[in-house]
Amino acid sequence: SGAKPADVGGALSGPAPGGADMPRPTGVGSLADLPRWFPPWAAQLAELYFSGTTSAFVLHGNTNDYVPIGGEADTRHGVLAEFLAEQLFGRWSLVLHYDLGRGLRVLAGRDEKRLKDMVVRANTKLGDLSALPKDPVATFALLDRFVRNNIMAEEADRLSLAFILDQASYVFPSGEPGRLNAQASSNLVMMLNWAMSPHVKRLNMAFVMLDEKLADISERLRSNPHVAAIDVPLPDESARERFV
């Protein structure tokens, strides 16, 4: 598998939202342009994605902490999902965030215009997210239709999609196959299908699952060779001093 198309943003590639005639958001457009301040785990995710190795990731460890967002001239701190939406996927057409408590929603960081644009795209491609049930079965069925339609669409009509799943162990709990209920098994198989699909890997689509404890996530998922498990470490002393 080859490298992803270049010239996107945050750090990962994908077409700029709104078409070629729209102003491009700020952000790097290739692996060589990764900011020096990027944490090593984020650089590892970008390297795996750009290489075409995988489009599915499990981030575990210090996932509930605040992380720095922005360089030294514009440093602030936010939650991990916000970092992903604003930095790694900063120029992607659609960033979707899901957890069992809030359901499926678009996520754009601080950019209000980008948020409004993504809401319009989501309504066009997926329907009204506010009317969607919060249960994962309905959410994953909707996403699967989008993924299949995006694969079959003409190149000009394809969207770059990043799906961020918070508290992933509640959707993909650890357990032996056959002992999980049918809904949990269906969601797991669907995610594995996306992770293993060569068509998904060739397009700008990424699936990032967050959970503090890797062992709480299904072993079938975290040990799959098409899924990259990346540890988010605790901040060192200098990082804590900068936060203070």
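Placed above this text is the structure.
Residues numbered from 1 in each chain as written. Predicted model: local features only at pLDDT ≥ 70, side-chain atom pairs only at ≥ 80, totals over all residues. Heavy atoms only, no water.

1. Some points on the overall build of the chain
No. 1: Scanning the chain for helices and strands turns up eight helices and eight strands.
No. 2: Looking at the chain residue by residue over its 244 residues, the buried ones come to 49%.
No. 3: For the chain, the exposed surface amounts to about 12000 Å²; the carbon and sulfur share of it is 52%. (Helix = DSSP H or I, 4+ residues; strand = E, 2+ residues; numbered from the N terminus. Buried < 20%, exposed > 50% of the residue type's maximum accessible area, 1.4 Å probe, protein only. Areas by Shrake-Rupley, 256 points an atom, 1.4 Å probe, with all protein chains shown as cover.)

2. Thoughts on helix 1 (residues 40-50)
No. 1: For helix 1, the complete set of buried residues consists of Trp 41, Ala 42, Ala 43, Leu 45, Ala 46, Tyr 49 and Phe 50.
No. 2: Lining the buried residues of helix 1 we find strand 1 (56-61), helix 2 (80-88), strand 7 (205-211) and strand 8 (227-232).
No. 3: A positive phi of about 80° marks Gly 52, the residue just after helix 1. (Contact = heavy atoms within 4.5 Å.)

3. Some details on the nonpolar core
No. 1: Counting residues in each nonpolar core, the largest one holds 70 residues, and the members touching the most others are Leu 59, Leu 84, Leu 96, Phe 163 and Phe 172.
No. 2: Top contributing element to this core by residue count: helix 1, with seven residues.
No. 3: In contact with Phe 163, other than residues within four places in its own chain, are Leu 96, Tyr 98, Leu 104, Phe 140, Leu 143, Met 191, Ala 206, Phe 207 and Val 208. (Core = buried A, V, L, I, M, F, W, Y, C linked by side-chain atoms within 4.5 Å.)

4. Remarks on the pairing of strand 1
No. 1: A large share of strand 1 lies buried, amounting to five of its six residues.
No. 2: Relative to strand 7, strand 1 runs parallel, the two being bridged by five bridges. Counted as the bridge partner of His 60 is Asp 211 from strand 7.
No. 3: Of the strand pairs in this sheet, strand 1 and strand 8 are connected by six bridges, and their pairing is parallel. Looking across to strand 8, one finds that Phe 57 is bridged to Ala 228. (Pairing = 2+ DSSP bridges.)

5. Focus: the sheet that holds strand 1
No. 1: What the six strands build is an open sheet, ordered 5-4-6-7-1-8; its pairing is mixed. Two strands close off the open sheet at either side, each with one partner strand: strand 5 (103-106) and strand 8. Each neighbouring strand pair of the sheet contributes to a mean axis angle of 20°, computed without reference to strand direction.
No. 2: Contacting strand 1, strand 7 and strand 8, helix 1 runs over the sheet at an angle of about 165° to strand 8.
No. 3: On top of the sheet, helix 3 (residues 112-125) reaches strand 4 (94-99) and strand 5; it is set at about 80° to strand 4, its chief contact. (Axes fitted to C-alpha atoms, helices over the stretch in contact; angles between N-to-C directions.)

6. As for the environment of Pro 39
No. 1: Mapping Pro 39 onto the fold places it in the segment before helix 1.
No. 2: A C-alpha to C-alpha distance of 9.8 Å links Pro 39 and Pro 235, two positions 196 residues apart in sequence.

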